[in-house]
Amino acid sequence: MGTLSDLKGRIATDLTRDDLSDQIANAVSDAIKYYERQRFWFNTTRNLTFNTVANQTAYTAADLAQIPNLVRIDAIYLTQGSSIFALDRYEANEFEILENGSTGPGKPDAFTYVDQAIRLWPKPNAVYAMRIHALYRLATLADGEENAWTDTAEELIRSHAKMLLFMDVLEDDEGAARMQTKIPLLIDAIRAETSMRSTTGTIQGTDF
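Residues numbered from 1 in each chain as written. Predicted model: local features only at pLDDT ≥ 70, side-chain atom pairs only at ≥ 80, totals over all residues. Heavy atoms only, no water.

A. The arrangement of the sheet that holds strand β8 (residues 129–136) in detail. Across the sheet, 4 strands lie side by side as β1-β8-β3-β4; this open sheet has antiparallel pairing. At either end of the open sheet lies a strand with only one pairing partner, and these are β1 (44–51) and β4 (83–86). Averaged over all pairs of adjacent strands, the angle between their axes in this sheet comes to 30°, without regard to strand direction. (Pairing = 2+ DSSP bridges. Helix = DSSP H or I, 4+ residues; strand = E, 2+ residues; numbered from the N terminus. Axes fitted to C-alpha atoms, helices over the stretch in contact; angles between N-to-C directions.)

Okay, structure coming up:
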């Protein structure tokens, strides 16, 4: 698996330029920011968990480091003994009304996500194990570090970063156009793998 440094070095080699280190770093960062909003198999998880605290409504990075990096929460589940309960999701304005009508602490059955925090209702009356299913941002990389953006999606990030460099730094329309032709093919390949990893492979009957 390549590191962030490897990715930047590959871009410099592709461009045959050794004087664009800052611009390359910025382009890579911008490319990752662009794609981290999209759902791929490697930035979707069911492995984020935290425990509630009695009488605590809001849960932040202090409770689970990834909470501020959640792009979209698909579901939150509460485990109690051998039973699992799905919490209802409310928009922040709806939750405000719900929370304002609270009669006291209890077992949470609803949540919202606002201000980079998860808020639960009712306010927990005990410790409960919570599991999040979500699309989330991978941790920001330092030069010697690696993750899916420098491995599985390396060619996509490299191509998008080069497109930005061709457009904004090198003023090379032909080079930018080449990348614009290539990028959709790379996205389709990752989405195809995402689909294969997430589907059952069984054709479902349709009711008419």
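B. Structural context of the pattern of salt bridges. Summed over all chains, the structure comprises 11 salt bridges. Note that R158 and D14 form a salt bridge whose closest N and O atoms lie 3.2 Å from each other. Highlighted residues: R158 in helix α4 (residues 154–168) and D14 in helix α1 (residues 4–15), separated in sequence by 144 residues. Salt bridges sharing common partners tie together R10, D14, E154, R158 and K162. (Salt bridge = Lys/Arg side-chain N within 4 Å of Asp/Glu carboxyl O.)

C. Representation of the sheet that holds strand β5 (residues 88–89) within the structure. In spatial order, the strands read β2-β7-β6-β5; together these 4 strands make up an open sheet with mixed pairing. Two strands in the sheet have a free side with no partner beyond their single neighbour: β2 (58–59) and β5. The pairing of strand β6 (residues 110–114) with strand β7 (residues 117–121) spans 5 bridges and is antiparallel. Looking at β7, one finds that V114 is bridged to A117.

D. Local environment of the environment of T140. Secondary-structure assignment places T140 in the loop between β8 and α4. Put simply, T140 and K33 are 107 residues apart on the chain and 10.0 Å apart in space, counted from C-alpha to C-alpha.

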